[in-house]
Protein chains: 2
Amino acid sequence: MAAVTANGSARGGGSDGVPRPTNPMVTPLLTDLYQFTMAYAYWKAGKHLDRAVFDLYFRKSPFGGEFTIFGGLEECIRFIANFKITEDDIRFLRSVMPTCEDGFFEYLSSIDCSDVEVYAIPEGYVVFPKVPLMRIEGPVAVVQLLETPFLSLVNYASLVTTNAARHRLIAGKSKNLLEFGLRRAQGPDGGISASRYSYMGGFDATSNVAAGRLFGIPIRGTHSHAFVSSFMGLEEILDKTLPSSDGLNKCEDFVSLVQNWLTRIQDSSSLGSTFGETSHSELAAFTSYALAFPNSFLALVDTYDVMRSGVPNFCAVALALNDMGYKAVGIRLDSGDLAYLSVETRKFFHAIEGEFGVVGFGKMNITASNDLNEETIDALNKQGHEVDAFGIGTYLVTCYAQAALGCVFKLVEINKQPRIKLSEDVTKVSIPCKKKCYRLYGKEGYPLVDIMTGEDEPGPKVGERLLCRHPFNESKRAYVVPQQVEELLRCYWPGNSAKQREELPSIHEIRSQCIRHLERMRPDHMRRLNPTPYKVSVSPELYDFIHFLWLNEAPVGELQ
Amino acid sequence: MAAVTANGSARGGGSDGVPRPTNPMVTPLLTDLYQFTMAYAYWKAGKHLDRAVFDLYFRKSPFGGEFTIFGGLEECIRFIANFKITEDDIRFLRSVMPTCEDGFFEYLSSIDCSDVEVYAIPEGYVVFPKVPLMRIEGPVAVVQLLETPFLSLVNYASLVTTNAARHRLIAGKSKNLLEFGLRRAQGPDGGISASRYSYMGGFDATSNVAAGRLFGIPIRGTHSHAFVSSFMGLEEILDKTLPSSDGLNKCEDFVSLVQNWLTRIQDSSSLGSTFGETSHSELAAFTSYALAFPNSFLALVDTYDVMRSGVPNFCAVALALNDMGYKAVGIRLDSGDLAYLSVETRKFFHAIEGEFGVVGFGKMNITASNDLNEETIDALNKQGHEVDAFGIGTYLVTCYAQAALGCVFKLVEINKQPRIKLSEDVTKVSIPCKKKCYRLYGKEGYPLVDIMTGEDEPGPKVGERLLCRHPFNESKRAYVVPQQVEELLRCYWPGNSAKQREELPSIHEIRSQCIRHLERMRPDHMRRLNPTPYKVSVSPELYDFIHFLWLNEAPVGELQ
């Protein structure tokens, strides 16, 4: 395995200059054993080179919603671009499968993904159930080996991107959304992926330093409760000097300046009546933090009591900073009634602005961050609040409301023969055949329907009426005259074909595209309560073929 | 960063010969930015060397239960043993915190964890709310930098170990439990951690090859639905020969042998009436798999129809293998009514044993694996089933029923001054002081209560009565005469102290210890419905001190 470079990804890279997977633990052995036992059985039967087509798709959008955002594509491409089973890997596999013949292990050492083709919907697109996110073609034994890593790279990525997008929709465009989940994520890589895909889904920044570095995501953070309670009082602050913002003069005793301001606030008839003595340890902590970061002072104000201690202490420090030409950023609330506290804090800030004539003080930033999720933000919106930024952790990164997305990887064709996976549960029946997928847009610019057709069918054309059928319900069908036709599956890994490989866009491009796509959707598909399902359809030809194949494969029951 | 070796962990290792974290992405930058901004503020205030004590604990056991299993300790120790901020890291941090002074970055380059002490409950122990799982002592700036990585390493590890233990309790000791979750886990490392900690919590094996290799966990796997549907018919099998198990003779046409057996089953008056023609593609897939793995033939029987196709096809292949001296392993059910299908399959196996005199055929293994969790296994138990092994994925690895454990990391003492974190929610008030923690056992051998005392208090003694108080509820207290006293916090990282460092046991030792511990608990604490809370207490001295400090720190309200 290659040495890991400073930014955590591997040096050298593999095929076609695509870098290795971000997490060095993502190797061909990160898979289910049955992929290797099947590979052996295929090899033993001489079937391992049979050309297979698999679809990767999900059956239901998460979180009770009707949309999903596709994430994880770049990591899949990195994985196959660098797919190689090492001699060490082979030694281990021999120990696990001791009865397998030597020839098989020689075959395993020889494989890569140069004869695999991958077609996919671009990362960051809004996607829907049953439509393949990816279509993977190649020798059946090799493509099977990709199943588990691909699912492992796509399932959580798409889930958390979708979760982030849902949080953005409920919070509104104007709010700052910060991802704070590393400590509660499902393991270190869960945390890193969460930061990456939350940003992709529309968050503004993360607290996670490693993720910020790996992906170029803005990083945010100030201080914790422990910082506040680690101080006993102002006497602990030894170096009390603070140069002014313009560097022209210096305050020799910033601590006294803060204390003077606190007294002025306390003595003010309009302000001082709301609180008595504030916490000394908190005041010392805020003063210390301001001395360290006079340009970016943001204080966590709920260690003792928000309105009786935290906010007045913050204001004293912010006013002292203002004297020295610095503009404080604001406060963070991490407990209590966030709607009420944000409104009261805002009033206090406005009163300070009025009382002391500090222009803009009323607009000071208020960040909230206590176990927030879609529901609590919705409730805050309904109550009315003055929060400017939300810091969201546990519920975002663990996707607490639904911890897994059920992407599957199904064989749809082998040696040009279409295959179907039957199930007593009709939602689990797979859609056979190598397919093309299109998104059809209507007059208003909204996407109207996604349609799947056989590979060789002519595609839908702008302005031409076509019939879209529900794949399994014969009574559900609709005529559509598309105003725009978008082919969804693009070639991201051409294998031995002559096709052009799509470039992998930067995370920032994917994020912008994702935000644009979400804005383009018809709002009733996106709403939190009772969203309208987006239509996913098949062409009449494909419909007929599915049902022919189904009847052909399903055993006929006998009632006894 | 060191080069990564074949088994995924890093070469060389650090301090005291402890290897690096399993995941190379676990570095000092895998933390929240505020740990670095606080470190700067401490440094700027000259407080960075203040000796701090932090407790890592959780407030409530997950999954509606009253117990938790502690996991993740070894990774924490690996992390601190190798803690070093590299020059590359420093360059990145400078870019993120451009206003910080050079001296701070020089300080950051110089730090390691040689003056940090870590005390912890052994990994795999049953643990309870509020009792510190770990106590971390050291310079406040350094210990703060450990907060996020430690929480990230402990939270999910403990959650999934607990989830696995709960699945073991409901499945019973005699069942085989297989972890199949890699594809649905929250990212690749989520999958690897899930496999490791599920095994620790009492699972028998995993499907995850990489985890099996990294941790020496038994690996299992056979084939998927795609393998079955990739075959069209028996004519695809070109090499039909199978040597007998003892190597003394050879079957030239194993395919015909299988077909003969299928006809015999179909023609049997007691068996054949339950099914008509079976799926040819399925029979070809089973036969092929048996030719590849005659010693470990286990077939997935629900691709077409379990009772009308899968089970008869399996039996035909198993009986043909039996003729050649091989013993088939059994079947896997992945859909439908698992209770009913397992009972019917068992009947069919017994009928085969009776009809053809194949001793032991009735005892063939039945594995079930469709979206299983505690509830569905409980329901299967109540309905009656014939399943021998459960393959559990999504619900186990994502901890679907509760996707996060809320471990926190709280300052309890700085420079010998006890600190308390107040909250309007009494369950969030922290227990101050550097503490010792004991588990007291009763006459029946069960643990009775955990008790926390101040560091300098004499510990509880066997046979001596002592008063255990609820930390926050003054009316809850009980006298206990312990028959055994176990000190819970052991020294895993002695720092500069002269203490002996506890060895890190192997995963197999931890797993055995975990199983023993679970068996030693009083059953009513462990039951699924309405479990009795286990008692967690403080000494009378600590109780008094907590309440003194609380009154001292909390501001007095004013009703207006």
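What you see is a predicted model; the values in this text were computed from it and never measured. (Residues numbered from 1 in each chain as written. Chains lettered and ligands numbered in written order. Predicted model: local features only at pLDDT ≥ 70, side-chain atom pairs only at ≥ 80, totals over all residues. Heavy atoms only, no water.)

Visitor: Quick one: what's the story with the overall build of chain A, residue by residue and with numbers?
Guide: When helices and strands are counted, chain A shows 17 helices and 22 strands. The dimensions of chain A, computed from C-alpha atoms along their principal axes, are 85 × 55 × 55 Å. A burial count over chain A gives 64% of its 560 residues as buried. Taking the contacts inside chain A whose residues are at least 6 apart along the sequence as the reference set, 73% of them involve residues at least 24 apart. (Helix = DSSP H or I, 4+ residues; strand = E, 2+ residues; numbered from the N terminus. Buried < 20%, exposed > 50% of the residue type's maximum accessible area, 1.4 Å probe, protein only. Contact = heavy atoms within 4.5 Å.)

Visitor: Describe the packing of helix α5 (residues 140-171) of chain B against helix α13 (residues 374-383) of chain B, naming the residues involved and giving the relevant values.
Guide: Describing two packed helices takes the angle between their axes plus the distance from one axis to the other. Residue and element names in this part refer to chain B. Contact geometry for α5 and α13: axes closest at 9 Å, N-to-C directions at 5 degrees. Classified by the angle between their axes, α5 and α13 sit roughly parallel to one another. On the side of α5, the interface is formed by N163, R166, H167, I170 and A171, while α13 contributes E374, I377, D378 and N381. Broken down by class, the residue content of the contact of α5 with α13 amounts to three nonpolar, three polar and three charged. (Axes fitted to C-alpha atoms, helices over the stretch in contact; angles between N-to-C directions. Parallel < 35°, antiparallel > 145°, perpendicular 65-115°, else oblique. Nonpolar A, V, L, I, M, F, W, Y, C, P; charged D, E, K, R; others polar.)

Visitor: Which residues make up unusual backbone geometry, and what values go with them?
Guide: One non-glycine residue with positive phi stands out, namely D371(B), at about 50 degrees. Along the chain, D371(B) turns up in the loop between β12 (365-368) and α13.

Visitor: I'd like a description of the UniProt feature "domain: Nicotinate phosphoribosyltransferase C-terminal" (unreviewed entry) in chain A, backed by residues and values.
Guide: Using the residue numbers shown here, the UniProt feature "domain: Nicotinate phosphoribosyltransferase C-terminal" (unreviewed entry) corresponds to residues 434-545 of chain A. As annotated, residues 434-545 of chain A comprises 21% helix and 31% strand, and the C-alpha atoms at either end are separated by 12 Å. (UniProt positions renumbered as here; feature names shortened; annotations may be inferred.)

Visitor: Explain the sheet that holds strand β21 (residues 490-493) of chain B residue by residue, including any values.
Guide: Residue and element names in this part refer to chain B. Strand order in the open sheet formed by six strands is β15-β14-β1-β5-β3-β21, and the pairing between neighbours is antiparallel. Where the open sheet ends on each side, the last strands, each with one partner, are β15 (417-418) and β21. Summarising the sheet, strand β3 (residues 117-120) and β21 pair through three bridges and their orientation is antiparallel. Counted as the bridge partner of A120 is R490 from β21. Running over the sheet, α5 touches β1 (51-57), β5 (134-139) and β14 (408-414) and is turned about 150 degrees from β5. (Pairing = 2+ DSSP bridges.)

Visitor: Pulling in residues and values, what's your account of the interface of chain A and chain B?
Guide: Taken together, the contact pairs 112 residues of chain A with 112 residues of chain B. Contact with chain B buries surface across chain A, with M25(A), R183(A) and Q186(A) losing the most and accounting together for 9% of the total. Counting across the chain A and chain B interface gives eight salt bridges. For E236(B), the salt bridge identified is with K47(A), shortest N-O distance 2.7 Å. Taken together, chain A and chain B are joined by 36 residue pairs in polar contact (both at pLDDT 80 or more). At ten residues, helix α1 (residues 33-44) of chain A tops the list of elements feeding residues into the side of chain A that touches chain B. Each residue belonging to the side of chain A that touches chain B can be placed in one class, and the counts come to 54 nonpolar, 36 polar and 22 charged. (Buried area = accessible area lost by both parts, 1.4 Å probe. Salt bridge = Lys/Arg side-chain N within 4 Å of Asp/Glu carboxyl O. Polar contact = N/O pair within 3.5 Å; in protein donor to acceptor, adjacent residues only side chain to side chain.)

Visitor: Residues and numbers for the UniProt feature "domain: Nicotinate phosphoribosyltransferase N-terminal" (unreviewed entry) in chain A, please.
Guide: Per the UniProt record, the feature "domain: Nicotinate phosphoribosyltransferase N-terminal" (unreviewed entry) sits at residues 29-155 of chain A. Taken end to end, residues 29-155 of chain A is 44% helix and 17% strand, and its first and last C-alpha atoms sit 18 Å apart.

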